[in-house]
Structures are given as C-alpha cells and as structure tokens.
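# Fold and geometry: a report
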Amino acid sequence: MKNILTALLVLVEVFLIAVVLLQSGRKAGLSGAIAGGAETFFGKNKARSFEGKLQRWTKISAVLFIVIAVVLAILE
C-alpha cells in the first residue's frame, strides 16, 4: 500500500510542477500591458480558457498532493 501511494505521490508531484510551470505570470501578456483593463473584459470566459483549466488542475493536484502526503505520514 505504501509503495503504491509513494508512486502516486511522485506522479502527482511531477504533474503539479508541470502545471505550475505552464502557467503565465500575473503581469504577463495583454492584461499586464493595459494594467488590468483586458482582465475585466476577458474575465467572463477565463474559466473556459486554457489558463482557467490550468488553475483548476493546479488546485486539484495540490489537494491530492497534500492528502496523499498526510496519508503516507499517518502510515509511517
């Protein structure tokens, strides 16, 4: 059981690192150049965009990482 959870933890770690690195910074792109004006215009469909999906995947993988790490710590 511990071996399976450890392997799953490593996979979630790698996925979390990849998802975080794929995201752009807050000041990057058009919204940083216009100082947030474009953010309010494009904010309606942000959840449907690729950036919105990356943010959702980041949250899910972070929660999985924490849960698996706590379970492994309890099993020790």
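Everything numeric here is computed off the predicted structure, so don't read it as measured data.

### Some details on the confidence of the model for the chain
On average, residues of the chain carry a pLDDT of 82, and 71% of them reach 70 or more. Mean pLDDT values over the elements of the chain span from 53, in helix H3 (residues 37-42), up to 95, in helix H1 (residues 2-22).

### Describing a nonpolar patch on the surface
Taken together, the side chains of Phe15, Leu22, Phe50, Trp57, Ile60 and Leu64 present a nonpolar region at the surface, about 610 Å² in accessible area. Those elements that provide at least two residues to the nonpolar patch are H1 and helix H4 (50-75). Its place among the elements puts Leu64 in helix H4. Of the residues examined, Leu64 reaches a relative accessible area of 42% and is grouped as partly exposed.

### A few points about the nonpolar core
By size, the foremost hydrophobic cluster in this structure holds 5 residues: Leu5, Leu9, Val12, Ile68 and Leu72. For this core, the secondary structure elements donating two or more residues are H1 and H4. When residues in this core are grouped by element, the largest group, 3 residues, is from H1. Look past the residues within four positions of Ile68 in its chain and what remains in contact with it is Leu5, Leu8, Leu9 and Val12.

### A closer look at the packing of H1 against H4
The description of two packed helices rests on the angle between their axes and on the distance between the axes. Viewed as axis vectors pointing N to C, H1 and H4 meet at an angle of 150°, and their least axial separation amounts to 9 Å. The orientation of H1 relative to H4 falls into the category roughly antiparallel. Crossing geometry of H1 relative to H4 is assigned as left-handed. Residues Lys2, Leu5, Thr6, Leu8, Leu9, Val12, Glu13, Phe15, Leu16, Val19, Val20 and Leu22 of H1 touch H4, and the partners they reach there are Leu54, Trp57, Thr58, Ser61, Ala62, Leu64, Phe65, Ile68, Ala69, Val71, Leu72 and Leu75. Looking at the contact of H1 with H4, its residues break down into 19 nonpolar, 3 polar and 2 charged.

### Section: the side chain of Ser61
Along the chain, Ser61 falls in helix H4. Polar side-chain contacts of Ser61 include one of 3.2 Å to the backbone oxygen of Thr58. Not counting residues up to four positions away in its chain, the partners in contact with Ser61 are Val12, Phe15 and Leu16.

Procedures and definitions
Residues numbered from 1 in each chain as written. Predicted model: local features only at pLDDT ≥ 70, side-chain atom pairs only at ≥ 80, totals over all residues. Heavy atoms only, no water. pLDDT = per-residue confidence, 0-100. Helix = DSSP H or I, 4+ residues; strand = E, 2+ residues; numbered from the N terminus. Patch = residues over 30% accessible without salt bridge, like charges linked within 9 Å, V, L, I, M, F, W, Y side chains within 5 Å. Areas by Shrake-Rupley, 256 points an atom, 1.4 Å probe, with all protein chains shown as cover. Salt bridge = Lys/Arg side-chain N within 4 Å of Asp/Glu carboxyl O. Buried < 20%, exposed > 50% of the residue type's maximum accessible area, 1.4 Å probe, protein only. Core = buried A, V, L, I, M, F, W, Y, C linked by side-chain atoms within 4.5 Å. Contact = heavy atoms within 4.5 Å. Axes fitted to C-alpha atoms, helices over the stretch in contact; angles between N-to-C directions. Parallel < 35°, antiparallel > 145°, perpendicular 65-115°, else oblique. Left-handed = near helix turned anticlockwise from the far one by under 90°. Nonpolar A, V, L, I, M, F, W, Y, C, P; charged D, E, K, R; others polar. Polar contact = N/O pair within 3.5 Å; in protein donor to acceptor, adjacent residues only side chain to side chain.

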